[in-house]
Amino acid sequence: MLIFMAILIGVLYSTGVYLMLRRNVVKLIFGLFLLGHAANLLIFTVGGLVRARPPLAAVGADAPPPDVADPLPQALVLTAIVIGFALTSFFAVLAKRVFLATGTDDTDALKSTES
Amino acid sequence: MNQLVVMPVLIPLACAALSVLASRSARAQGIIGVVGTGALLAASILLLRTVLEHGVLALQIAGWPAPYGITLVADTLSAIMVVLGGITGFAVAIYALVDIDADRREAGFYPMLHVLLMGVCFSFVTGDAFNLYVCFEIMLIASFVLLALGGERMQMEGALKYVTLNLVSSAIFLSALGVLYGLTGTLNLAHLHQLMPGVAAEHPDLVAATAGLFLVSFGIKAGLFPLYFWLPSSYHTPPVAVSAIFAGLLTKVGVYALIRMFTLVFGDLEGAHRLLLILATLTMIAGVLGAVSQYHIRRILSFHIISQIGYMVVGLGLMVSPDPDVRRLGLLAAVFYIAHHIIVKANLFLIGGIVRRLRGTEELRDMGGLYRQMPWLAALFLVPALSLAGIPPLSGFWAKLSLFRAGLQAGQWVVVGAAIAAGVMTLMSMIKIWNEAFWKAPPETDATAAITIEPLDRGRLAVLLVPAVGLAVLTLLIGLFPGFLFDLAGRAAGELLDPTPYLEAVGAVATGGAP
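Remember, predicted model here, so these are calculated numbers, not experimental data.

Procedures and definitions
- All chains use their own residue numbering, which begins from 1 and follows the written sequence.
- Each chain gets a letter, beginning with A, and each ligand a number, beginning with 1, in the order they are written.
- Totals for whole chains, interfaces and linings use every residue, but because this is a predicted model, local features are given only for residues with pLDDT of at least 70 and side-chain atom pairs only at 80 or more, for both listing and counting.
- The basis for every side-chain value is the complete set of heavy atoms in the structure, and neither hydrogens nor water enter the calculation.
- Salt bridge, as applied in this entry: a Lys or Arg side-chain nitrogen positioned within 4 Å of an Asp or Glu carboxyl oxygen.
- Each helix is a run of H or I in the DSSP string that is no shorter than four residues. Each strand is a run of E no shorter than two, and both are numbered from the N terminus.
- Exposure categories follow from relative accessible area, calculated using a 1.4 Å probe and restricted to protein chains: below 20% of the type maximum is buried, above 50% is exposed, and the middle band is partly exposed.
- To pair, rings of Phe, Tyr and Trp, with the six-membered ring standing in for Trp, must have centres within 6.5 Å; the planes then decide the type, stacked if under 30 degrees apart, edge-to-face if over 60, and tilted in the middle.
- Any Lys NZ or Arg CZ found within 6 Å of a ring centre and within 35 degrees of that ring's normal is scored as a charge over the ring.
- The contact criterion used is simple: two residues touch if any of their non-hydrogen atoms lie within 4.5 Å.

**Q** Could you give me a rundown of the pattern of salt bridges, with the residues and numbers involved?
**A** Residue and element names in this part refer to chain B. A full pass over the atoms with the stated rule returns seven salt bridges over all chains. Across the pair aspartate 75 and arginine 260 runs a salt bridge whose closest N-O atoms are separated by 2.9 Å. Of the two residues, aspartate 75 sits in the loop between β2 (71–74) and α3 (76–99) while arginine 260 sits in helix α10 (residues 240–265), which places them 185 residues apart along the sequence. In this structure, aspartate 75 and arginine 260 share a single accessibility class: buried. Between aspartate 101 and arginine 104 there is a salt bridge, with the nearest N and O atoms lying 2.8 Å from each other. What makes aspartate 101 partly exposed here is its relative accessible area of 28%. Taking the relative accessible area as the measure of exposure, arginine 104 reaches 8% and is therefore buried. In the salt-bridge network here, residues are joined through shared partners; they are Asp101, Arg104 and Glu152.

**Q** Tell me about the packing of aromatic side chains, residues and numbers included.
**A** Each aromatic ring pair is summarised here by two numbers: the centre-to-centre distance and the angle between the ring planes. All names here are of chain B. All told, the structure shown has 28 aromatic pairs over all chains when counted by the stated rule. Three or more aromatic residues link up through ring pairs in this structure, and these residues are Phe130, Tyr133, Phe136, Phe173, Phe214, Phe218, Phe262 and Phe266. Cation over ring: lysine 400 sits above tyrosine 311, and NZ or CZ is 4.7 Å from the ring centre. Positioned above the aromatic ring of tyrosine 295 is the side chain of lysine 432, whose terminal nitrogen or guanidinium carbon lies 4.6 Å from the ring centre.

**Q** Please set out the environment of glycine 86 of chain B residue by residue, giving values where relevant.
**A** All names here are of chain B. Along the chain, the position of glycine 86 falls in helix α3. In sequence terms glycine 86 and alanine 43 are 43 residues apart; their C-alpha atoms lie 8.6 Å from each other. Aside from chain neighbours lying at most four places away, what touches glycine 86 is Thr37, Leu40 and Leu41.

Keep in mind that these numbers describe shape and distance, not what the molecule does.
And the structure:
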């Protein structure tokens, strides 16, 4: 399982970077989105993959039994997903406004702030 | 007493909410802006005084003990940074009364200004690595909106680059956090400090790789060579008030994060400090060379931000030296430099904005004759400009002096040489602005139509001048009485090198409880 997750995360990172290096603004957004997902999956995976042992304490017990799944990476990923969602939607709107203001979605044409 | 730590976060949050409620009245929003940032400044000074009196303060959010809950910690460095945030916020809120037009005010300038300050102050007081990520995101989303607000073509292009690079930096930061958690099982900074020696002995390669991820992520935010290209292509596009607060605070949050991470968590990683020292040296030179070729006021100033970031990180990079004296002096210089730089750089942007309004352009070639018209404005510009270049007796001189001393003691001749060269070129750049904007005769052709701006009457000019004069006075005060800031920076450096008070304040971690 771990090896599949590692391959999947690697593919996500590389696809994200590849898309970001394209000239199209929309592909840039998709690339960033994939990078965020790769990071989320990375946190989830290195936090330890545990199958079917939820971190729940039995009624009356003080602590859950040992070897349960670590809940913290899930909380971190949940936070990161929410933030990532907000930023991606902002970026999508920004890309639309950039297109309206400049009339292009080619990042190579957006050079007027450089010189 | 410990509740004071959360005030720099709560005050801007409350002001942001009030500003949203008052969104129909630009006047009310302006008043909330000035009073709220003033209250933030007052609370931050109180925090600094309390920290100086009682030592490091820590607050466990919702009473969850560290390392399980989120801890807010204010040591001397945090408190100094929060005060600087308050000063910049207050100055910019006054300046914005005139500088921000009605459209931008209606579109939500003030709420976003407060949210930005909240994110910045939150980053300074948080004691948890993941919380630091969240604070960065709060700060970023507010800065995205401030940068894009108004929707001019240049702004949109600048915003696209700024947003992209900062989101890449966030993704790298998040990945680094994931690996760090996988390695150590904690994200509390104090707890990380305690676990790191054991983990580093077990997995030196993984720790080095994680440190590298943090370095790249914070390096992008701080504007380190070769990761700074987003900065000069975006900082000159928004209104001057927005530029000024970005220039003063945002990159310094990156520098703060670098200092915190590479003393508290990766304090013993010599390779990382060596890399930081090399990158910082290149940053000083690359930034100042970029500025030499520019003729646009805010672009020149933007490149100088990069160059100055180099100076600060040199102070951190001197941690390569095994000599504790050099380490202490280097960190002292870095903290002193940050304090000096935030005040001076925000002020230069504010004065640049006044020049822009008087001349209707930011192109130096189209300016001139301001000295004849307003000799006092020329004098006002010289205070931060010469301070930036490090001319005694202004604040920049002491900052550079302590850095050179640390560098010479460490025997880093190349670094000190590069710093001196960058200082000379900074002086050239500042003289260029002074010559072109103030001294030379205005050009024959009438180029005033480049930027259309409403004319500036006396009252509005006075409002713009208040924060600029205030910051200039602060620069002079630091320059004439540097002892106070030296003591503060020395104390901050001492706490960074020996974080025992920090660890004790966070408490409960002392047992090293397993995650």
